[in-house]
Amino acid sequence: GFMEYYVWRCDFNSTELKDIEYTASYYYNKIEYARFSSSVGEYVGFTKYGVHNADIWNKDQAQMAAWRAQKETYCLPNIGID
């Protein structure tokens, strides 16, 4: 069979917002095809399929604003718990 999965993570070395990176990676059959990184601020594709999707996703300004906010809205509150 085929498997598609996503990994969303917060990488940090302090609780300061500037030291936090939010990353959302998209995989198909163990191959990462696209990634959103808060340090880049947009999606990047790593395969032909990933480049195609990243181009589409990056054009949706409302959704991109939501992804860019994840560092502050999701990572920052949860780092204190971890």
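Just above, that's the structure.
Residues numbered from 1 in each chain as written. Predicted model: local features only at pLDDT ≥ 70, side-chain atom pairs only at ≥ 80, totals over all residues. Heavy atoms only, no water.

Undergrad: Would you take a moment to explain unusual backbone geometry for this structure?
TA: Both trends apply: most residues other than glycine have a negative phi, and most peptide bonds are in trans. Although it is not a glycine, asparagine 29 sits at a positive phi angle of roughly 50°. Using a relative accessible area of 30% as the deciding quantity, one classes asparagine 29 as partly exposed. Phi at lysine 30 takes a positive value of approximately 70°, unusual for a residue other than glycine. Mapped onto the fold, lysine 30 is located in the loop between strand S2 (20-28) and strand S3 (31-37). (Buried < 20%, exposed > 50% of the residue type's maximum accessible area, 1.4 Å probe, protein only. Helix = DSSP H or I, 4+ residues; strand = E, 2+ residues; numbered from the N terminus.)

Undergrad: Could you clarify how one ought to interpret the state of the cysteines in this entry?
TA: In a disulfide, the sulfur atoms of two cysteines are held together by a covalent bond. With the rule as written, the count across this model stands at one disulfide. Between cysteine 10 and cysteine 75 runs a disulfide, and the two sulfur atoms are separated by 2.0 Å. For the disulfide bridge between cysteine 10 and cysteine 75, the dihedral angle about the S-S bond is near -80°, and by the sign convention the bridge is left-handed. Of this pair, cysteine 10 sits in strand S1 (residues 4-12) while cysteine 75 sits in helix H2 (residues 61-79), and the two are 65 residues apart along the sequence. Looking at cysteine 75, the relative accessible area reads 0%, which means it is buried. (Disulfide = S-S within 2.5 Å.)

Undergrad: Whenever I open this one, the side chain of asparagine 58 confuses me. Can you help?
TA: When you line up the elements, asparagine 58 lands in helix H1 (residues 48-59). Looking at asparagine 58, the relative accessible area reads 17%, which means it is buried. Beyond its immediate sequence surroundings of up to four residues, asparagine 58 is in contact with Glu42, Tyr43 and Met64. (Contact = heavy atoms within 4.5 Å.)

Undergrad: How should I be thinking about H1 in this particular structure?
TA: Each turn of an α-helix holds 3.6 residues, which means side chains three or four residues apart point in the same direction. In this model, H1 (twelve residues) spans 17 Å end to end at C-alpha, consistent with the 16 Å of a helix rising 1.5 Å per residue. Burial in H1 covers these residues: Gly50, Asn53, Ala54 and Asn58. Buried residues of H1, seen end-on, are gathered within an arc of 130° and therefore sit on one face of the element. Summarising the geometry of H1, the exposed residues directed more than 90 degrees from the buried face are Lys48 and Lys59. Of the surrounding secondary structure, the elements contacted by the buried residues of H1 are S3, strand S4 (42-45) and H2. (Expected span 1.5 Å × (residues − 1). Arc of directions from axis to C-beta.)

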